[in-house]
Amino acid sequence: MLRQTSQLLPALLSRRDEADCLEVLDLGPARPETVAYFAGSRCRLHIADLFAELPLAWEQEAPDYAAELAALLPLAPASRLDVVLFWDLFNYLPVEAIQALQAVLRPHLHPGTRAHAFGVHKRSAPENTHHFGILAGDTLALSPRPAAIAGYAPLSQARLQACLSDFRFERSVLLGDGRLELLLLPA
């Protein structure tokens, strides 16, 4: 396991009131580090490993991205998400799927929702070969993926920002390998 310091995790994970139950959606695989990190606090952790489903059943001529994604997300109608962990999922989804994912999440977002993602500065950035987890309030755990994920086709920073209608880039940090770490807030 590798460790990566994050400048954005502290802002992502800060709470207005420690007594409140934090509602977190992790769209990656259940990582023991992330589960352990949230286990010590009042938290409802939803895990929906969309990476395991890639490239999903979207090979059909007219895919219904919203229906596919809604079926994969374990959210009750009353869920109000405080934190969404996209990880590098956007690098594997076409624009239409990113827009559908936002539509599925929209009823669960509120003005205090914060999200985290990895994008790329330039489309030529190499594919990430790790799963991510939260080790500490400012540290990510990176574990090797067992195999490459199909469909790596990252959007440029400008293109990703343009297709995120429900989120805006609050902060971005350029990492040494050409990836961008992103803190997203509701638009």
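Just above, that's the structure.
Read on for a plain summary of the structure. (Residues numbered from 1 in each chain as written. Predicted model: local features only at pLDDT ≥ 70, side-chain atom pairs only at ≥ 80, totals over all residues. Heavy atoms only, no water.)

For the rest of this paragraph, the subject is the sheet that holds strand β6 (residues 130-136). Reading across the sheet, the three strands line up as β1-β7-β6 and stay open at both edges, with antiparallel pairing between neighbours. Every other strand in the sheet has two partners, leaving β1 (2-5) and β6 as the edge strands with one partner each. Strand-to-strand twist of the sheet, defined as the mean angle between neighbouring strand axes without regard to direction, takes the value 35 degrees. Pairing geometry for β1 and strand β7 (residues 139-144), over four bridges, is antiparallel. From the neighbouring strand, Arg3 faces β7, where its bridge partner is Ala141. (Pairing = 2+ DSSP bridges. Helix = DSSP H or I, 4+ residues; strand = E, 2+ residues; numbered from the N terminus. Axes fitted to C-alpha atoms, helices over the stretch in contact; angles between N-to-C directions.)

Counting residues in each nonpolar core, the largest one holds 55 residues, and the members touching the most others are Leu27, Phe86, Phe90, Leu101, Leu105, Leu160 and Leu184. Examining the composition of this core, we find that seven residues originate from one element, helix α4 (residues 95-105), more than from any other. In this structure Leu105 touches Leu25, Leu73, Leu75, Leu81, Val84 and Phe86, once residues within four positions along its chain are discounted. (Core = buried A, V, L, I, M, F, W, Y, C linked by side-chain atoms within 4.5 Å. Buried < 20%, exposed > 50% of the residue type's maximum accessible area, 1.4 Å probe, protein only. Contact = heavy atoms within 4.5 Å.)

Quick look at the pattern of salt bridges now. Applying the stated rule across the entire model yields six salt bridges. Glu170 is paired through a salt bridge with Arg168; the nearest N and O atoms lie 2.6 Å apart. Note on Glu170: relative accessible area 39%, which makes it partly exposed. The partly exposed category is assigned to Arg168, whose relative accessible area is 38%. (Salt bridge = Lys/Arg side-chain N within 4 Å of Asp/Glu carboxyl O.)

Turning our eyes to something else, we now look at the side chain of Arg179. Tracing the sequence through the fold places Arg179 in strand β9 (residues 179-186). The buried category is assigned to Arg179, whose relative accessible area is 8%.

Attention shifts here to the pairing of β9. Among the eight residues of β9, eight are classified as buried, and the element is accordingly described as predominantly covered. Pairing between strand β5 (residues 114-120) and β9: six bridges, direction antiparallel. From the neighbouring strand, Phe118 faces β9, where its bridge partner is Glu181. The pairing of strand β8 (residues 167-174) with β9 spans seven bridges and is antiparallel. Residue pairing across strands places Leu174 opposite Leu180, the latter belonging to β9.

As a further point, take helix α2 (residues 32-39). Among all positions of α2, only Glu33, Thr34 and Phe38 are buried. Seen along its axis, α2 keeps its buried residues to an arc of 120 degrees; they face one direction. Counted as exposed and oriented over 90 degrees from the buried face of α2: Pro32, Ala36 and Ala39. In this structure, the buried side of α2 is in contact with α1 (9-13), β2 (22-26), β3 (43-47), β6 and β7. (Arc of directions from axis to C-beta.)

This brings us to the packing of helix α3 (residues 65-72) against α4. Their axes nearest at 8 Å, the elements α3 and α4 cross at an angle of 50 degrees. Comparing the axis directions of α3 and α4 gives the class oblique. In the packing of α3 onto α4, the handedness of the crossing is right-handed. Of α4, the residues touching α3 (which contributes Tyr65, Ala66, Leu69 and Ala70) are Glu96, Ala97, Ala100, Leu101 and Val104. (Parallel < 35°, antiparallel > 145°, perpendicular 65-115°, else oblique. Left-handed = near helix turned anticlockwise from the far one by under 90°.)

Another aspect to go through is the environment of His110. Here His110 shows up in the loop between α4 and β5. Given the relative accessible area of 10%, His110 is considered buried. Counting along the chain gives 49 residues from His110 to Arg159, while the straight-line C-alpha distance between them is 24 Å.

Attention now moves to the sheet that holds β3. Here we have six strands laid out as an open sheet, ordered β3-β2-β4-β5-β9-β8, and mixed in their pairing. The outermost strands of the open sheet, each flanked by one partner alone, are β3 and β8. Strand after strand, the sheet turns through a mean of 20 degrees between neighbouring axes, direction not considered. In this sheet, β5 lies alongside strand β4 (residues 83-87) in parallel orientation, the contact comprising four bridges. Considered in β5, the bridge of Leu85 is made with His116. Here α2 sits on the sheet and contacts β2 and β3; the angle it forms with β3, its principal contact strand, is near 160 degrees.

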